[in-house]
Amino acid sequence: MESILIVDDDEELCSLVTRYLKSEGFVADAVYNGLQGAEKALAGQYVLVVLDVMLPGANGFDVLRQIRRKSAVPVLMLTARGDDIDRIVGLEIGADDYLAKPFNPRELVARIRAVLRRTQATPVAVPESEAERLRVGDIELDIAGRMVKRSGETIDLTGAEFDLLTILLRNAGQVVTREELVKHVLGRSLTPLDRSIDTLVSNLRRKLGHASDGVERIKSLRGIGYVYTRRSEGN
């Protein structure tokens, strides 16, 4: 069975979530301190970490930074309801998704499964010559290897950022709605106050930088969605 680590100082909540995850076919361990959480996350064979923001010893953001220095294990952060800053900061640091407290355990499991589907997706084996690669301007994306290069230089992206770029490049020159992006990148429906995809786009813009001609790679259409421009190709 797949093992999940829960890092939260609310022991009662951890106990409830652990029992629910067990009923859903997972094995769950819990720690109640940030420093211990970072250590266990890096030492254990976990498929995902559920990480609270407010923790003794080290807060969830510091724990996430420690994890991301050495591991790409998926992290789902727990935030205070309505606290957009926590969600934005978590996504910027490298969280794969977030869930606001209080939450329904069923929604937690649904979010966990959605993240695992994205991060554990195994591409169908194809001859190297046929392996899918997307190229727009100086950006080259290797789907099978989950690698991105800009002018030959590798760029480190989180799993969600990679999936977002894949969709935008596949539809380069065309608008992709926020609803579509949230559905295919985060595995859920868009809600009125959900700014997660906008934060991911912002992160992606920062990491990719402007095109050589100075044009912004990803343009926004207010209230609609985003489009990856093809101008850098000279079209």
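Further up the page is the structure itself.
Residues numbered from 1 in each chain as written. Predicted model: local features only at pLDDT ≥ 70, side-chain atom pairs only at ≥ 80, totals over all residues. Heavy atoms only, no water.

1. Some points on the sheet that holds strand β10 (residues 175–177)
The strand order β10-β12-β11 describes an open sheet built from 3 strands, whose pairing is antiparallel. Pairing within the sheet leaves two strands with one partner each, and these edge strands are β10 and β11 (218–221). Averaged over all pairs of adjacent strands, the angle between strand axes in this sheet comes to 30°, irrespective of strand direction. Relative to β10, helix α7 (residues 178–186) is tilted by about 70°, and along the sheet it contacts β10 and β12 (225–228). (Pairing = 2+ DSSP bridges. Helix = DSSP H or I, 4+ residues; strand = E, 2+ residues; numbered from the N terminus. Axes fitted to C-alpha atoms, helices over the stretch in contact; angles between N-to-C directions. Contact = heavy atoms within 4.5 Å.)

2. Looking at helix α4 (residues 84–93)
Along α4, the residues classified as buried are Asp 86, Arg 87, Gly 90, Leu 91 and Ile 93. Here the buried residues of α4 occupy an arc of 160° about the axis, which is enough to place them on one side. Its buried side turned inward, α4 meets α3 (60–70), β4 (75–80), β5 (97–101) and α8 (196–208). The positive-phi residue at the C-terminal boundary of α4 is Gly 94, with phi of around 135°. (Buried < 20%, exposed > 50% of the residue type's maximum accessible area, 1.4 Å probe, protein only. Arc of directions from axis to C-beta.)

3. Quick notes on the packing of α4 against α8
As a packed pair, α4 and α8 sit with axes 9 Å apart at the nearest point and diverge in direction by 40°. For the element pair α4 and α8, the recorded crossing hand is right-handed. Along the contact surface, α4 presents Ile 88, Leu 91 and Glu 92, while α8 presents Ser 196, Thr 199, Asn 203 and Arg 206. Residues that form the contact of α4 with α8 fall into these classes: 2 nonpolar, 3 polar and 2 charged. (Left-handed = near helix turned anticlockwise from the far one by under 90°. Nonpolar A, V, L, I, M, F, W, Y, C, P; charged D, E, K, R; others polar.)

4. Quick look at the side chain of Asp 8
When you line up the elements, Asp 8 lands in the loop between β1 (3–7) and α1 (11–23). At 2.8 Å, the side chain of Asp 8 and the backbone nitrogen of Asp 10 are in polar contact. Leave out the neighbours within four places in its chain, and Asp 8 touches Leu 13, Cys 14, Val 31, Tyr 32, Asp 52, Leu 55, Leu 78 and Lys 101. (Polar contact = N/O pair within 3.5 Å; in protein donor to acceptor, adjacent residues only side chain to side chain.)

5. Brief notes about the packing of helix α6 (residues 159–170) against α7
For the pair α6 and α7, the least separation of the axes is 9 Å and the interaxial angle reads 130°. The angle between α6 and α7 places the two elements in the oblique class. As α6 packs across α7, the resulting crossing turns out to be right-handed. Side by side, α6 and α7 meet where Ala 160, Asp 163, Leu 164, Ile 167 and Leu 168 of the first sit next to Leu 181, His 184 and Val 185 of the second. (Parallel < 35°, antiparallel > 145°, perpendicular 65-115°, else oblique.)

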